[in-house]
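Architecture at a glance
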Amino acid sequence: MRDFPENTFDVVYSQDAILYTMDKFSLFQKFHRWLKPTGRFIMCDFCCGEKPWSEEFQKFADQSGYILWTLSAMAKSLQDAGFAEVHVTDLNQEMVKSMNNYLKYFNDNQAEFVKMSCSQTDVQKNGVKT
């Protein structure tokens, strides 16, 4: 990983990337060190609920390669890394609503989507009906 001098950045921003990081704590320490004293670390990422997980979610987690932490574990690690003000927000319900909207849009526009995304050969080869 690339390194930077202390007090380099006003903001460190990460979206949908920390879930792939095994050693989150060391990464958070680096972010803290790289930030100026008034700097901010902003992160939007996937977390998980407390275990035990459902069998379906456990299978998903095992196959995804994600290293998922709970919100409370993420907050504690950030505090332990030196961040003084840590605010975490669970946006799960908003994500479910958004994904359902995408699914509805896709279902409502499936024929058009297939026409735009597939060649006629793909449609015939894969048996996609428009």
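Let us look at the structure shown here. These numbers were taken from a predicted model, which means no experiment stands behind them.

1. Notes on the pairing of strand E1 (residues 9-15)
Consecutive side chains along a regular strand alternate between the two faces of the sheet. As judged from the six bridges shared by E1 and strand E2 (residues 35-44), these two strands associate in the parallel manner. Across the sheet, the residue bridging to Val-11 is Arg-40, located in E2. For the crossover that starts at E1, traverses helix H1 (residues 24-34) and ends in the parallel E2, the hand is right-handed.

2. Focus on the packing of aromatic side chains
Applying the stated criterion across every chain yields a total of 11 aromatic pairs. The interplanar angle of 10 degrees and the centroid separation of 6.5 Å between the aromatic rings of Phe-46 and Tyr-66 together place this pair among those described as stacked. Pair noted here: Phe-46 is in the loop between E2 and helix H2 (55-64) and Tyr-66 is in the loop between H2 and helix H3 (71-80), with a separation of 20 residues, a long-range link. Classification of Phe-46 by relative accessible area gives partly exposed; the value is 39%. For Tyr-66, a relative accessible area of 26% corresponds to the partly exposed category.

3. Some words on unusual backbone geometry
Note the cis peptide between Lys-51 and Pro-52, where omega equals 10 degrees. Among the secondary structure elements, Pro-52 is positioned in the loop between E2 and H2. One non-glycine residue, Asn-7, lies in the positive phi region at around 55 degrees. Turning to its location among the elements, Asn-7 is positioned in the segment before E1.

4. Digging into H3
Residues of H3 that are buried include every one of Met-74, Ala-75, Ser-77 and Leu-78, and no others. Here the buried residues of H3 occupy an arc of 165 degrees about the axis, which is enough to place them on one side. Where H3 is buried, its residues touch H1 and E2. A positive phi of about 115 degrees marks Gly-82, the residue just after H3.

Thresholds applied
Residues numbered from 1 in each chain as written. Predicted model: local features only at pLDDT ≥ 70, side-chain atom pairs only at ≥ 80, totals over all residues. Heavy atoms only, no water. Pairing = 2+ DSSP bridges. Helix = DSSP H or I, 4+ residues; strand = E, 2+ residues; numbered from the N terminus. Right-handed = clockwise from strand over helix to strand, strands pointing away. Phe/Tyr/Trp six-rings, centres within 6.5 Å; stacked < 30°, edge-to-face > 60°. Buried < 20%, exposed > 50% of the residue type's maximum accessible area, 1.4 Å probe, protein only. Arc of directions from axis to C-beta. Contact = heavy atoms within 4.5 Å.

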